[in-house]
Amino acid sequence: MKIFKKEITAKIIGMFALKTLLTVAIFFCSVYVMLFIFILGRDLNSILLGMASLILPLLVTLIWSKKKRKKFFISWLCFTAFTLVACGINKAIVLHEESLRIKTDININVYDYMPFEEDSKIMKLDEEATLKLENNLPRVDGAAAVFPLYSAFINAVYPKTVEYRDGTFEYNNTVGGYKLLGEKEIDIFFGAYPSKEQIATAKEKGTEFEYTEIGKEAFVFFVNKDNPVENLTSQQIKDIYSGKITNWKDVGGNDEEILAFQRNEGSGSQSMLKRFMGDTPIMDAKTEQVNDFMSGIITQVADYKNYDNSIGFSFRYYLETLIANPNVKTLKVDGIEPTPETISNGTYGITASLYAVTYKDNPNENVRLFIDWILSEQGQELVEKTGYTRIK
């Protein structure tokens, strides 16, 4: 009899342990799946699946005896309500953060700027181009902000058989484009001057870049539209990005800490900031920790958020035309506003050249013909129409 009772007791303990283990596993899986979908999911199916995962803990009520089912059901209702409220708060915070973020690394919708299409947003010549290429077409790539321009060049000079992503007409942005040019996988890169690291990487592969200036652009700094500061001197900007000036009150603004945004290494604008700073060291970029949910916490350069006390930088055409956010304003630098006139006559002091970058000893003769046409009146007309400043 004692042995029988021991067996019953062991069985009861074993069943209780199993039920407890299953309960914990069900709740853990439910929470993980639901949070993963609620936080990262964007479409309706993901949201519905996340809500469905909340039903999973109801299985717990089938595991336990009838006496405990009511308690578990009430616990499930409390858990579900708490989870939905928490996810709602999280979603509201995410949406608020997104409303503040100015996407200075925005990937434009390239399909709005396709060549050979009637409704394309690219600028077009009023007459036929004086150059028409049919064979040995130069393979081109470029920065995001320059895509509308070199797409306009393609539209004017290349045959209509050329298609996006066909090996001839590419877009891989500054980092990807310079990598391909260094590997001689493309013939021309359109964009800002490369970073020292990009030049060095190309040389390691035996590639030497050659540069042809095809237009001018202003490198600009911008703040929230409600920031009372309208102008900064070049030295004040350097002091801000070196960490010497940390409060807006020191440059005529409010008594608030300056949040100075930077871009990722290798981007055209970050490379331009380094050239502007010269020998003045740039302070470490502000970073933020992001939970990617699968591999844990990762650290990345903080996104620009349109707080009253933040400052960012970009190129004029990119900021004012492609981003076109009404909640930011461009600062004057040394009292001069960046306009096509001040860029052209050199009174705005922080200008950047727009280049067609090739590699030395390229055997394709059409590369030079194409660049010469870009420097012609027709090519410069497209540069100006697109929103850059012509050099001729």
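Thresholds, definitions, all that
- Starting afresh in each chain, residues are numbered from 1 along the sequence in its written order.
- This being a predicted model, a pLDDT of at least 70 is required before a residue's local features are given, and a value of 80 or more before pairs of side-chain atoms are given or counted; all residues contribute to the totals for chains, interfaces and linings.
- Hydrogens and waters are ignored; side-chain quantities use all the structure's heavy atoms.
- Each residue carries a pLDDT score, the predictor's confidence in it, ranging from 0 to 100.
- Numbering of helices and strands starts at the N terminus; helices are DSSP runs of H or I of at least 4 residues and strands are runs of E of at least 2.
- Residue contacts are defined here by distance: any two heavy atoms, one from each residue, within 4.5 Å place the two residues in contact.
- Note on geometry: axes are lines fitted to C-alpha atoms, helical ones only across the stretch in contact, with angles between N-to-C directions running from 0 to 180 degrees.
- Crossings are assigned a handedness: left-handed for a near helix turned anticlockwise from the far helix by less than a right angle, right-handed for a clockwise turn.
- Under the pairing criterion, centres of Phe, Tyr and Trp rings, with the six-membered ring standing for Trp, must be within 6.5 Å; the plane angle then separates stacked pairs below 30 degrees from edge-to-face pairs above 60, leaving the rest tilted.
- Each residue is assigned to one of three classes by its accessible area relative to the maximum for its type, calculated with a 1.4 Å probe on protein chains only: buried under 20%, partly exposed between the two thresholds, exposed over 50%.
- Here, a salt bridge means any side-chain nitrogen of Lys or Arg that lies within 4 Å of a carboxyl oxygen of Asp or Glu.

## Points about the confidence of the model for the chain
Mean pLDDT over the chain stands at 83; residues scoring 70 or higher make up 73%. Helix α12 (residues 365-374) holds the highest mean pLDDT among the elements of the chain, 98, whereas strand β7 (residues 297-301) holds the lowest, 51. Low pLDDT, under 50, characterises residues 289-298; the stretch is placed with 19 contacts to residues that sit more than four places away or in other chains.

## Some remarks on the packing of helix α8 (residues 234-242) against helix α9 (residues 268-277)
Between α8 and α9, whose axes approach to 10 Å, the crossing angle comes to 115°. By crossing handedness, the relation of α8 to α9 is classed as left-handed. When α8 is examined against α9, the residues Ser-234, Ile-237, Lys-238, Tyr-241 and Ser-242 are found in contact with a partner set consisting of Leu-273, Phe-276 and Met-277.

## Structural notes on the packing of aromatic side chains
The description of two aromatic rings rests on the distance between their centres and on the angle between their planes. Applying the stated criterion to the full structure yields 26 aromatic pairs. Taking 6.0 Å as the distance between ring centres and 90° as the angle between the ring planes, the aromatic pair formed by Tyr-150 and Phe-169 counts as edge-to-face. Of the two residues, Tyr-150 sits in helix α5 (residues 147-157) while Phe-169 sits in the loop between α5 and α6 (173-182), which places them 19 residues apart along the sequence. Taking 6.1 Å as the distance between ring centres and 50° as the angle between the ring planes, the aromatic pair formed by Phe-221 and Tyr-241 counts as tilted. Of the two residues, Phe-221 is situated in strand β3 (residues 209-224) and Tyr-241 in helix α8; the sequence distance between them amounts to 20 residues. With a relative accessible area of 0%, Phe-221 lands in the buried category. Aromatic ring contacts, followed pair by pair, group Tyr-111, Phe-147, Tyr-150, Phe-153, Tyr-158, Tyr-164, Phe-169, Tyr-171, Phe-190, Phe-370 and Trp-373 into a single cluster.

## A closer look at the side chain of Thr-174
Secondary-structure assignment places Thr-174 in helix α6. Setting aside anything within four residues of it in sequence, one finds Thr-174 in contact with Gly-142, Ala-143, Phe-189, Gln-198, Gly-266, Ser-267 and Gly-268.

## Some details on the pattern of salt bridges
Summed over the entire model, instances satisfying the criterion amount to 15 salt bridges. Salt-bridge contacts for Glu-230 lead to Lys-329; the nearest nitrogen and oxygen are separated by 2.9 Å. With a gap of 99 residues between them, Glu-230 in the loop between β3 and β4 (231-232) and Lys-329 in strand β9 (residues 328-330) connect regions that are remote in the sequence. Its salt-bridge partner being Glu-381, residue Lys-385 comes within 3.1 Å of it at the nearest N-O pair. One end of the pair is Lys-385 and the other is Glu-381, both in helix α13 (residues 377-386) and four residues apart, which spans about a single turn. Residue classification places Lys-385 among the partly exposed residues on the basis of a relative accessible area of 33%. One network of salt bridges, in which partners are shared, links Asp-126, Glu-381 and Lys-385.

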